[in-house]
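Understanding the architecture of this molecule
The residues making up each chain are set out below.
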Amino acid sequence: MSQYFLGVDGGQSSTTAIVGDEHGRVIGVGRSGPSNHVGAAEGHSKFVNAIRGCVKAACAEAGLDAAGVRFVSACLGFSGGPADKESIVKEIVPSTLTTVTHDGLIALSGATAGAPGLITIGGTGSFAFGRNAAGKTARAGGWGYLFGDEGSGFYVVRQALRAALRCEEGWGPPTALGGVLLGATGAKDVNELQHWFYTTEFPRPRIAAFSKLVDEAAVNGDETAREILNEAAQQLATIAGVVRRQLFQAGEAVRVAYIGGVFKSAILLARFQMLVEMEDGNQVGPPVYGPAAGALLEAYGATGAKCRLSNVPEEKP
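Attention here is on the structure that accompanies the text. (Residues numbered from 1 in each chain as written. Predicted model: local features only at pLDDT ≥ 70, side-chain atom pairs only at ≥ 80, totals over all residues. Heavy atoms only, no water.)

1. So, the nonpolar core
Soluble, globular proteins show a tendency: their nonpolar side chains are buried together. Judged by nonpolar contacts, the single largest core of 51 residues is most densely connected at Leu177, Phe197, Val214, Phe263, Leu268 and Phe272. Looking at this core, the element that brings in the most residues is helix H9 (residues 223-247), giving 11 residues. Apart from residues lying up to four places away in sequence, Phe263 is in contact with Thr120, Ile121, Gly122, Leu236, Tyr258, Leu268, Leu269 and Phe272. Counting residues in each nonpolar core, the second largest holds 25 residues, with Val8, Cys59, Ala62 and Phe78 among its members. (Core = buried A, V, L, I, M, F, W, Y, C linked by side-chain atoms within 4.5 Å. Buried < 20%, exposed > 50% of the residue type's maximum accessible area, 1.4 Å probe, protein only. Helix = DSSP H or I, 4+ residues; strand = E, 2+ residues; numbered from the N terminus. Contact = heavy atoms within 4.5 Å.)

2. Let's talk about the pattern of salt bridges
According to the stated counting rule, one finds three salt bridges in the structure shown. The closest approach of N and O atoms between Arg244 and Glu279, which form a salt bridge, is 4.0 Å. Residue Arg244 is found in helix H9, and its partner Glu279 is found in the loop between helix H10 (266-276) and strand E10 (282-285); the two are separated by 35 residues along the sequence. A residue is classified by how much of its surface remains accessible, and Arg244, at 1% relative accessible area, is buried. Residues Arg245 and Glu279 are paired through a salt bridge, measuring 3.9 Å at the closest nitrogen-oxygen approach. (Salt bridge = Lys/Arg side-chain N within 4 Å of Asp/Glu carboxyl O.)

3. A closer look at the sheet that holds strand E5 (residues 95-102)
Here five strands make up an open sheet; going across it, the order is E3-E2-E1-E4-E5 and the pairing mixed. Strands with a single pairing partner mark the edges of an open sheet, and in this sheet they are strand E3 (26-32) and E5. Strand-to-strand twist in this sheet, taken as the mean axis angle between neighbours without regard to direction, amounts to 15 degrees. Pairing of strand E1 (residues 4-10) with strand E4 (residues 71-78), which is carried by six bridges, proceeds in the parallel orientation. When the sheet's bridge partners are listed, Val8 is paired in E4 with Leu76. Along the sheet, helix H11 (residues 291-302) makes contact with E1, strand E2 (15-21), E3, E4 and E5, crossing E1 at roughly 140 degrees. (Pairing = 2+ DSSP bridges. Axes fitted to C-alpha atoms, helices over the stretch in contact; angles between N-to-C directions.)

4. Brief notes about the sheet that holds E10
With mixed pairing, the five strands of this open sheet are ordered in space as E8-E7-E6-E9-E10. Looking at strand neighbours, the two that pair on one side only are strand E8 (137-141) and E10, the edges of this open sheet. Each strand of the sheet is rotated relative to its neighbour by a mean of 20 degrees, with strand direction disregarded.

5. Thoughts on the packing of aromatic side chains
Summed over the entire model, instances satisfying the criterion amount to eight aromatic pairs. Summarising the aromatic geometry, the rings of Phe47 and Phe78 are spaced 5.3 Å apart at their centres and angled 50 degrees between planes, so their arrangement reads as tilted. Here the residue Phe47 occupies a position in helix H1 (residues 41-62), and Phe78 occupies one in strand E4, the gap between them amounting to 31 residues. With a relative accessible area of 0%, Phe47 lands in the buried category. Residue classification places Phe78 among the buried residues on the basis of a relative accessible area of 0%. For the pair Tyr258 and Phe263, a centre-to-centre distance of 5.3 Å together with 40 degrees between the ring planes defines the contact as tilted. The burial state of Tyr258 is the same as that of Phe263; both residues are buried. Each member of the aromatic cluster is reached from another via a ring pair, and the members are Trp196, Phe197, Phe202 and Phe210. (Phe/Tyr/Trp six-rings, centres within 6.5 Å; stacked < 30°, edge-to-face > 60°.)

6. Some remarks on the side chain of Thr16
Here Thr16 is to be found in strand E2. Dropping the residues within four chain positions of it, Thr16 is found in contact with Gly7, Val8, Asp9, Val29, Gly30, Arg31, Cys54 and Ala292.

Next comes the structure, spelled out in structure tokens:
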């Protein structure tokens, strides 16, 4: 009799489910809406619909009846953590063994294909997370935009706006960053733009997305933009180093994967890789798989199985 396993990545923008068979072969993928909030009645309903929707779609692609299948093991990872979601998940996901965890763990498992190592995430926010061969985990950063998120997309744009404001007021070096940001937003001046960035019209992910403009300015020769990217890389390398030292011996071989939009900057990535690989044993590279595949690997691992995945689709960001 065939056995089936489930991995789910529940995020702020979408939810992805992956179904695998007993051999580690991915046989179905399904997607639905966000599943990060469950507090209010409306949030609870959206959460349940997102989980059921993506699992049903994955089962349909796998040729399974979602109403009749029971998974041997399921792992679901969520942004914001599992505390308010675990009891709901166990009611709606038919699985003999169910693991509900945070998005950092499944991102790490996917990035390293389940092997020991660490990830550094530089998206809207930033943090580093790792796990060693003994199963011990550690993290650094992830304090949110008010108190942390150094090196993130939001951080890069905040530094760029500050540099533009200082230039406009006459107490900072010349930079093209003000003009670049004004051209992208339509604000009349940088002072108006910084007020716009405080409004709900500019949520943090939208602001963070402007980090690509900072990279473009740096590529075009703006020294201030380049300094911002290099400093962001330093911050990300620092939190990666903190996690490494908590989990691994000096000189031990460690895979360090990078995830997130800021690493699309060749300038930032090159600086990050150089800094991280200054420590003996570190090997920097892109993730092997996405977080949904990581959740599936964790589902296998919870049963003691050591599976090598096959037929793994590329996950949409």
